[in-house]
Amino acid sequence: LCAALGVVQTEDCTMKSAALPYIHISTAKHLLAQPDPVSLVVWKHDGSLVTYENVISISYDFYKGTRHIKFLRSGEIRLVRDVCIYKLNGMQVIL
């Protein structure tokens, strides 16, 4: 249970927070603005998670908070809302 909550019990029976890798959404936006491929885990409208591997961001709409991502393998382009990004390169995105 403690591990699921992100808490680790030490040998002297004290609790401390586990080191979970996370980044702020503004940092994630800067990483997505780079031309380097990334992996994303995104929430869908039904609450399930979907993983996008080897994608790049090709455009961003500041007012809508959306971006078009391109799959480098297939060339497919999808629209993603920034607030729906759960993980970027294995790091949890926080608001």
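Residues numbered from 1 in each chain as written. Predicted model: local features only at pLDDT ≥ 70, side-chain atom pairs only at ≥ 80, totals over all residues. Heavy atoms only, no water.

**A short note on the overall build of the chain**
Secondary structure assignment for the chain yields one helix and nine strands. Along the chain, helices and strands appear, N-terminal first, in the series β-β-β-α-β-β-β-β-β-β. Here the chain, with 95 residues, has 24% of them falling under the buried criterion. Per element, the accessible surface of the chain, about 6,800 Å² overall, is 57% carbon and sulfur. (Helix = DSSP H or I, 4+ residues; strand = E, 2+ residues; numbered from the N terminus. Buried < 20%, exposed > 50% of the residue type's maximum accessible area, 1.4 Å probe, protein only. Areas by Shrake-Rupley, 256 points an atom, 1.4 Å probe, with all protein chains shown as cover.)

**Brief notes about unusual backbone geometry**
Of note, the phi angle at Asn54 is positive, near 55 degrees, even though the residue is not glycine. Mapped onto the fold, Asn54 is located in strand 5 (residues 49-61). A positive phi angle, near 50 degrees, is found at Asn89, a position not held by glycine. Mapped onto the fold, Asn89 is located in the loop between strand 8 (85-88) and strand 9 (91-94).

**Some words on the nonpolar core**
Counting residues in hydrophobic clusters, the biggest one holds 15 residues, and the most contacted among them are Leu40, Tyr52, Val55, Leu88 and Val93. Elements that contribute at least two residues to this core include exactly helix 1 (25-33), strand 4 (38-43), strand 5, strand 6 (66-71) and strand 8. (Core = buried A, V, L, I, M, F, W, Y, C linked by side-chain atoms within 4.5 Å.)

**Some details on the pattern of salt bridges**
Applying the stated criterion across every chain, the model contains two salt bridges. Of the charged contacts, one joins Arg67 and Asp82 as a salt bridge, the two residues approaching to 2.7 Å between their closest N and O atoms. Of this pair, Arg67 sits in strand 6 while Asp82 sits in the loop between strand 7 (77-81) and strand 8, placing them 15 residues apart in sequence. Pair check on accessibility: Arg67 and Asp82 agree, each one buried. Among the salt bridges present, the one from Arg78 reaches Glu76, with a minimum N-O distance of 2.8 Å. Owing to a relative accessible area of 35%, Glu76 belongs among the partly exposed residues under this scheme. (Salt bridge = Lys/Arg side-chain N within 4 Å of Asp/Glu carboxyl O.)

**Looking at the packing of aromatic side chains**
In this description, a pair of aromatic rings is defined by centroid distance and the angle of the planes. All chains considered together, the criterion is met by three aromatic pairs. Judged by centre distance (4.8 Å) and plane angle (50 degrees), the ring pair of Trp43 and Tyr86 falls under tilted. With Trp43 in strand 4 and Tyr86 in strand 8, the pair connects residues that are 43 residues apart, well separated along the chain. Plain terms: the ring middles of Tyr52 and Phe71 are 5.2 Å apart, the flat faces sit at 85 degrees to each other, and that makes the pair edge-to-face. Taken together, the residues Tyr52 in strand 5 and Phe71 in strand 6 connect sequence positions 19 residues apart. Accessibility classification places Tyr52 together with Phe71 in one group, the buried group. (Phe/Tyr/Trp six-rings, centres within 6.5 Å; stacked < 30°, edge-to-face > 60°.)

Shape descriptors only; they carry no functional weight alone.
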